[in-house]
Each structure stands twice: as C-alpha cells, then as structure tokens.
Amino acid sequence: MATSDGPGRQALKYLESGRNLVGCAGGAIGLGLHFAGLGGAWWPGVVAGLYAAGALLAPGPKDDPPEHPELDALVAYLRTVPLPPAARVDGLLEALRAAGPGPAAGRRIVRDGLPLAVAGYLRARTWQPWAGADGPDPDAELAREVGLLTAQLG
C-alpha cells in the first residue's frame, strides 16, 4: 500500500527543515535591525526578505537512500550465515541495494530467490557428510544459483 504525505505532514516537515530554521534566523536578524532602529518603515519587508534569503540559500534536504526493509532484514540474516566468498552473494546484495525496492525482479529475489538458495546451500552442507564424494558441491551450487539470480536482476 502506497502512502503519501498530506498537506499537514508536508507543512510539519518544512517547519522542522533546515531551510525554515535558517530563514527564521534571518528573520530574527531583521527584527534585531528593526529594534536597533535600522529598518525604518520598511522593517516588515526587511524581515520577510531576510527570511526568504535565508530559506532560499540554505542547503536543501539530503536525499536519503531508498528504504528497503526486506533487503535490510535479509542482509542482517546473511551476516549470521557462513557463506563461501566464491558464491559472490555480497555482489548480488550490492546490486539489489543499487536497484532499490522498485524492480519486481529485485523483490522476487529478496523475498524468494536468495533465501531459497541459501536455505538449499545450508541443507546441502548439513547432508554433505552422508552424500559422499560423488555428491554435488554445495558451494558451486550456491554460486550457480547466485549467478542466475544476478542475471535475473539484469
């Protein structure tokens, strides 16, 4: 479900923003000039002008990286799992982070593809002593799966 900020929430964001605070400081300087007798009859315009100048010259809000809570949870889990470096799971995670939460392929990989590949790897590692030397290599299988998932992401 997509939510948008209503006008009230946008107004509160602006009131808390750095631009508004710098503008208020400029307006306070204008009031100080008025009380010092330097604004004359034009003091409301001086106060408004200093507020506007401060608000326009202040740096804008920093762009936050797109939020991706499912990917963050997956990364936190994968930090606890001993994965082979040859599988290049870190490269896939970086590509998913760069793609952001938007692409449908990325969401499928985060929700299903990578967790299933890691779960299969862990099961194969558990049963490897009983599979014998002829059994498939779990590290190679995980690397193959991660390669397929990376190709799906594009």
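Scroll up for the structure.
Bear in mind that the values here come from a model prediction, so they are computed numbers and not experimental data. (Residues numbered from 1 in each chain as written. Predicted model: local features only at pLDDT ≥ 70, side-chain atom pairs only at ≥ 80, totals over all residues. Heavy atoms only, no water.)

A. Structural detail: the overall build of the chain. Helix and strand counts for the chain stand at 7 helices and 0 strands. With the C-alpha coordinates of the chain rotated into their principal frame, the extents come out at 95 × 30 × 25 Å. Put simply, the chain has 154 residues, and 24% of those count as buried. The long-range fraction of contacts in the chain, counting pairs at least 24 apart against all pairs at least 6 apart in sequence, stands at 67%. Surface exposure of the chain reaches about 10600 Å², of which carbon and sulfur atoms provide 63%. When the 13 basic and 15 acidic side-chain charges of the chain are each reduced to a single mean position, those positions are 4 Å apart. (Helix = DSSP H or I, 4+ residues; strand = E, 2+ residues; numbered from the N terminus. Buried < 20%, exposed > 50% of the residue type's maximum accessible area, 1.4 Å probe, protein only. Contact = heavy atoms within 4.5 Å. Areas by Shrake-Rupley, 256 points an atom, 1.4 Å probe, with all protein chains shown as cover. Lys, Arg positive; Asp, Glu negative; His and termini not counted. Charge placed at Lys NZ, Arg CZ, Asp CG, Glu CD.)

B. Up close: the pattern of salt bridges. Per the stated rule, a full pass over the model turns up 5 salt bridges. Among the ionic pairs, Asp72 bridges to Arg97, the shortest N-O distance being 2.7 Å. Taken as a pair, Asp72 in helix H4 (residues 69-78) and Arg97 in helix H5 (residues 89-99) lie far apart in primary sequence, 25 residues in all. For Arg97, a relative accessible area of 39% gives the class partly exposed. (Salt bridge = Lys/Arg side-chain N within 4 Å of Asp/Glu carboxyl O.)

C. Structural detail: the packing of helix H2 (residues 18-35) against helix H3 (residues 43-57). Taken N-terminus to C-terminus, the directions of H2 and H3 make an angle of 155 degrees; their axes are 7 Å apart at the nearest point. On the basis of the axis angle, H2 is roughly antiparallel to H3. Taken as a pair, H2 and H3 cross one another with a handedness that is right-handed. Listed contacts from H3 to Arg19, Asn20, Val22, Gly23, Cys24, Gly26, Gly27, Ile29, Gly30, Leu31, Leu33 and His34 of H2 are Trp43, Val46, Val47, Leu50, Tyr51, Gly54, Ala55 and Leu56. In the contact of H2 with H3, the residues fall into 12 nonpolar, 7 polar and 1 charged. (Axes fitted to C-alpha atoms, helices over the stretch in contact; angles between N-to-C directions. Parallel < 35°, antiparallel > 145°, perpendicular 65-115°, else oblique. Left-handed = near helix turned anticlockwise from the far one by under 90°. Nonpolar A, V, L, I, M, F, W, Y, C, P; charged D, E, K, R; others polar.)

D. Local environment of the packing of H5 against helix H7 (residues 138-153). Here H5 crosses H7 at 20 degrees, and the two axes come no closer than 10 Å. Overall, the two elements H5 and H7 adopt an arrangement that is roughly parallel. Between H5 and H7 lies a crossing of left-handed hand. Contacts between H5 and H7 involve Val89, Leu92, Ala95, Leu96 and Ala99 on the former and, on the latter, Leu142, Val146, Leu149, Thr150 and Leu153.

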